[in-house]
Amino acid sequence: METITNSINGFEALLANVQPNQQVVYVGDMGFSPAYLRAWISQLQKMAGLSVTNTVAPHSAFSGSASTWPGGVVPYTYDSSMTPAMTNEFEGAIYIWQKVANLKFIQRTTQPNFIIVTNDGVGSPSDSYVGMIDRPQLLRINTGFPQMDWAHELGHAMGMIH
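A brief report on the enclosed structure follows. (Residues numbered from 1 in each chain as written. Predicted model: local features only at pLDDT ≥ 70, side-chain atom pairs only at ≥ 80, totals over all residues. Heavy atoms only, no water.)

## Points about the nonpolar core
Then, number 1: In this structure, Phe 90, Phe 105, Ile 115, Leu 154 and Met 158 are the most contacted members of the largest nonpolar core, which totals 22 residues.
Then, number 2: Broken down by secondary-structure element, the contributors of at least two residues to this core are strand S3 (73–78), helix H3 (84–100), strand S5 (115–119), strand S7 (137–141) and helix H4 (147–158).
Then, number 3: Apart from the residues lying within four places of it in its own chain, the contact partners of Leu 154 are Phe 90, Ala 93, Ile 94, Trp 97, Phe 105 and Leu 139.
Then, number 4: Counting 13 residues, the second largest nonpolar core, distinct from the first, contains Met 30, Leu 44, Ala 48 and Val 130. (Core = buried A, V, L, I, M, F, W, Y, C linked by side-chain atoms within 4.5 Å. Buried < 20%, exposed > 50% of the residue type's maximum accessible area, 1.4 Å probe, protein only. Helix = DSSP H or I, 4+ residues; strand = E, 2+ residues; numbered from the N terminus. Contact = heavy atoms within 4.5 Å.)

## A word on helix H2 (residues 34–47)
Then, number 1: Spanning 14 residues, H2 covers 20 Å between terminal C-alpha atoms, matching the ideal 20 Å at 1.5 Å per step.
Then, number 2: Of the positions making up H2, those classed as buried are Pro 34, Tyr 36, Leu 37, Ala 39, Ile 41, Ser 42, Leu 44 and Gln 45.
Then, number 3: Looking at the residues trailing H2, positive phi occurs at Gly 49, about 75 degrees. (Expected span 1.5 Å × (residues − 1).)

In structure tokens form, the structure reads like this:
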């Protein structure tokens, strides 16, 4: 129960600092909408037998909710910080997912929702929003991390949490 209460308090503290127009709150390397975090707080409150402050339940990572990529098609592009060697390495992370999941990564053309892969450099965190959002979204990589870490961030962009 103490662990659940600590989690509730931690999420509420994060939300207390959210600006009115802020659309993403990071918990470690995962970005969530404030509404999603409020829904998790409600779930935790239910688990702890506490009164619930929000009645909206969060969706499962792969529940078919709006946070998934329609048809498993994931448009993406690279920003100018990515060298040819980095894009080649990132393509390997994409291949890891395409081997094991019903996903198809395509180079973005005119799609309004897509991933922008950016190099934040050695020493910076790698992170991604969780699931698809209704606009372009950054997937930031640290070039000092191995390819599996980049695949890990792609998992977040697909809707996975840890």
